[in-house]
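Letter by letter, the chains look like this.
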Amino acid sequence: MNKKIKKIWDFVTTVLVAGAVILAILLVGGRLVGLQPFTVLSGSMEPTYPVGSLIYVKEVDYRQIAPGDPLTFLLDEDTVATHRVVEVVPDEQDAQVLRYRTKGDANASADAGLVHYKNVIGTPVFAIPYLGYVASYIQSPPGIYAAISVGAVLLLLVFIPDLFAADGSKAKKNRQAEDEPAEPQT
């Protein structure tokens, strides 16, 4: 392989592999430091968290949550939401039991129900726009297959030059051996 083409090939494959590693770190790495990623599916918190963003949520002590804080919580067993706390409501019989009145930034009125402190997941730390689309896609069967395929192609791109170089050097050695005169036998 021509040296100039090899340098370009090496650069392109390095950039692609680095991009794949960075994407993997963004999608999975947050979990290693205790952050949970969630995809923003609705526009209720725009412009703070646009649709398609991936938000990273950290656990918090429910007693530290105050009005104005964004809050990620369970609406039901299957639905997670992120809205802003507008009021902390202590229980009338037990002041240790807290509930939160929430409202989406883009919504005109507060949510109908209160969020029980046991349903609190945490508060968003930061968000990356559009990465939620990628995360959602990779979690579906076609996306899983696409991610595995991309990984396999990247591995091939990294190792193809070495395969051609190995074949080329063997062929060169064979040609050199054929060109050399045979040693006389004694």
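Description of the structure in this document. (Residues numbered from 1 in each chain as written. Predicted model: local features only at pLDDT ≥ 70, side-chain atom pairs only at ≥ 80, totals over all residues. Heavy atoms only, no water.)

1. Comments concerning the overall build of the protein chain
Note the threshold: Under the DSSP-based scheme used, a helix requires at least four consecutive residues in state H or I and a strand at least two consecutive residues in state E, with every element numbered from the N terminus. Should any heavy atoms of two residues lie within 4.5 Å, those residues are counted as being in contact. Surface exposure here means Shrake-Rupley accessible area, sampled with a 1.4 Å probe, where a residue is shielded only by the protein chains that are shown.
Scanning the protein chain from N- to C-terminus turns up three helices and seven strands. In the protein chain, the succession of α and β elements from N to C terminus is α-β-β-β-β-β-β-β-α-α. For the protein chain, the proportion of contacts with a sequence separation of at least 24, taken over those separated by at least 6, is 54%. When the accessible surface of the protein chain is split by element, carbon and sulfur atoms take 61% of a total near 12,800 Å².

2. A few points about a nonpolar patch on the surface
Note the following rule: Nonpolar side chains (Val, Leu, Ile, Met, Phe, Trp, Tyr) are joined into patches within 5 Å and like charges within 9 Å, using only residues with over 30% relative accessible area and no salt bridge. The rule for a salt bridge is simple: a side-chain nitrogen of Lys or Arg has to be within 4 Å of a carboxyl oxygen of Asp or Glu. Each residue gets one of three labels from its accessible area relative to the maximum for its type: buried under 20%, exposed over 50%, partly exposed in between, using a 1.4 Å probe on protein chains only.
A cluster of nonpolar side chains, Val17, Val21, Ile25, Leu155, Val158 and Phe159, forms an exposed patch at the surface whose accessible area comes to about 500 Å². Every element with two or more residues in the nonpolar patch is listed here: α1 (3–32) and α3 (141–179). Relative to the elements of secondary structure, Phe159 occurs in helix α3. On the accessibility criterion, Phe159 (46% relative accessible area) is partly exposed.

3. Some points on the side chain of Ser53
We count it as follows: For the purposes of these results, a polar contact is taken to be a pair of N or O atoms within 3.5 Å, where, inside protein, one atom must be able to donate a hydrogen and its partner to accept one; residues adjacent in sequence count only when each atom of the pair is a side-chain atom.
Note that Ser53 resides in the loop between β1 (35–39) and β2 (54–58). A distance of 2.9 Å separates a polar side-chain atom of Ser53 from the backbone oxygen of Pro50. The residues touching Ser53, leaving out its near neighbours within four places in the chain, are Phe38, Thr39, Val40, Ala127, Ile128, Pro129, Tyr130 and Gly132.

4. Comments concerning the pairing of β2
Counted only if it meets this: When DSSP finds two or more bridges between a pair of strands, those strands are recorded as paired.
A large share of β2 lies buried, amounting to four of its five residues. Of the pairings in the sheet, the one linking β1 to β2 comprises five bridges and is antiparallel in character. Bridging across to β2, Gln36 finds its partner in Val57. Where β2 meets strand β7 (residues 120–128), five bridges bridge the pair, whose relative direction is antiparallel. Each residue of the ladder has a partner; that of Ile55, found in β7, is Ala127.

5. Considerations on the pattern of salt bridges
Taken as a whole and judged by the stated rule, the model has four salt bridges. In this structure, Asp61 and Arg63 form a salt bridge, with 3.2 Å as the shortest nitrogen-oxygen distance. Judged by relative accessible area, which is 30%, Asp61 ranks as partly exposed. Asp105 is the partner of Arg84 in a salt bridge, and the nearest nitrogen-oxygen pair spans 2.9 Å. One end of the pair, Arg84, is in strand β4 (residues 80–90); the other, Asp105, is in the loop between β5 (98–103) and β6 (115–116), and 21 residues separate them in sequence.

6. Some thoughts on the environment of Val12
Structurally, the position occupied by Val12 is in helix α1. Linking Val12 and Leu157, residues 145 residues apart in sequence, is a C-alpha distance of 9.2 Å.

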